[in-house]
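Coordinates in review
These are the residues of each chain, in order.
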Amino acid sequence: FIKSKQFQLGTDEVKDYPTFEVTAQVGGNLGDGPARLGMYKFDKMYNGAAAYTNDKYIVFYGGARDGWQWNQGYNQWAGNGPALSAIADAQGFIKSKQFLFEGS
């Protein structure tokens, strides 16, 4: 039950979620590009995937019906994003939206 609510047990192995920097938009039609740039840090696990934020935008997996999202808040819908089985992580989703990033 605890894990189903996305909490971690003290005995669980803690995965490292490194920060990364989104440096440029090189195509696509995603709006507000400049605000989406910057350092992204791990925020929390959300629907089975690591969510990241730059304190303006959040990249998160919205679940099986909504897919990956890149919005200013959780539970905001911006269309049906790709499934977790198609894009495994937030960095892959960012790349699919034609943004560049660097790990740090």
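Residues numbered from 1 in each chain as written. Predicted model: local features only at pLDDT ≥ 70, side-chain atom pairs only at ≥ 80, totals over all residues. Heavy atoms only, no water.

1. Considering the overall build of the chain
Going by this rule: Strands here mean DSSP runs of E at least two residues long; helices mean DSSP runs of H or I at least four residues long; both are numbered from the N terminus. Buried residues are those whose accessible area, probed at 1.4 Å on protein chains only, stays under 20% of the maximum for their type, while exposed residues exceed 50% and partly exposed ones sit between those limits. Any two residues having at least one pair of non-hydrogen atoms within 4.5 Å are treated as being in contact. In short, Shrake-Rupley with a 1.4 Å probe defines the accessible areas, and a residue's cover is counted only from the protein chains shown.
Across its full length, the chain carries 2 helices and 6 strands. Across the chain, helices and strands are ordered from the amino to the carboxyl terminus as β-α-β-β-β-β-α-β. Across the 104 residues that make up the chain, the buried fraction comes to 32%. Considering only contacts within the chain whose residues lie at least 6 apart along the sequence, 37% involve residues at least 24 apart. Accessible area of the chain: about 6,500 Å², with a carbon and sulfur share of 51%.

2. Examining the environment of Trp70
The following threshold applies: For this analysis, a polar contact is any N or O atom pair within 3.5 Å, provided that within protein one partner can donate a hydrogen and the other can accept it, and provided that sequence-adjacent residues contribute only side-chain to side-chain pairs.
You can see Trp70 is positioned in strand S5 (residues 68-71). For the pair Trp70 and Gly81, spaced 11 residues apart in sequence, the C-alpha separation works out to 9.1 Å. A polar contact of 3.1 Å, which involves the side chain of Trp70, links it to the side chain of Tyr40.

3. Some remarks on the environment of Thr23
For Thr23, the position within the fold is in strand S1 (residues 20-25). Linking Thr23 and Leu37, residues 14 residues apart in sequence, is a C-alpha distance of 5.7 Å. Ignoring any residue separated from it by four or fewer positions in sequence, one finds Thr23 in contact with Leu37, Leu100, Phe101 and Glu102.

4. Thoughts on the packing of aromatic side chains
Keep this limit in mind: Two rings from Phe, Tyr or Trp (for Trp, the six-membered ring) form a pair when their centres are within 6.5 Å of each other. A pair whose planes differ by under 30 degrees is stacked, one over 60 is edge-to-face, and the rest are tilted. Distance and angle both matter: a charge sits over a ring if NZ of Lys or CZ of Arg is within 6 Å of the ring centre and within 35 degrees of the ring normal.
In this structure the tally under the stated criterion is 12 aromatic pairs. Summarising the aromatic geometry, the rings of Phe42 and Tyr52 are spaced 6.2 Å apart at their centres and angled 80 degrees between planes, so their arrangement reads as edge-to-face. You can see Phe42 sitting in strand S2 (residues 38-46) and its partner Tyr52 sitting in strand S3 (residues 49-53), a full 10 residues away along the chain. A residue is classified by how much of its surface remains accessible, and Tyr52, at 4% relative accessible area, is buried. A network of ring pairs unites the aromatic residues Tyr17, Phe20, Tyr40, Phe42, Tyr52, Trp70, Phe99 and Phe101 as a single cluster. The ring of Trp70 has Arg36 sitting right over it, with the charged end atom 5.1 Å from the ring centre. For Lys44, the ring lying beneath its charged end belongs to Tyr74, and the centroid distance is 4.3 Å.

5. A look at the pattern of salt bridges
Two side chains that carry opposite charge are able to pair once their charged atoms sit near each other. Note the following rule: A side-chain nitrogen of Lys or Arg and a carboxyl oxygen of Asp or Glu constitute a salt bridge if their distance falls within 4 Å.
Tallied over the full model, the rule gives 1 salt bridge. For the salt bridge of Asp55 with Lys41, the shortest nitrogen-to-oxygen distance reads 2.8 Å. Pair noted here: Asp55 is in the loop between S3 and strand S4 (58-61) and Lys41 is in strand S2, with a separation of 14 residues, a long-range link. For Lys41, a relative accessible area of 35% corresponds to the partly exposed category.

6. Points about the environment of Pro18
For Pro18, the location among the structural elements is in the segment before S1. Put simply, Pro18 and Phe42 are 24 residues apart on the chain and 7.2 Å apart in space, counted from C-alpha to C-alpha.

7. A look at the confidence of the model for the chain
Threshold: Confidence of the predictor in every single residue is expressed as pLDDT, which spans 0 to 100.
Chain-level statistics for the chain give a pLDDT mean of 88 and a share of 85% at 70 or above. Between the elements of the chain, mean pLDDT differs from a low of 82, seen in strand S6 (residues 99-103), to a high of 97, seen in S3.

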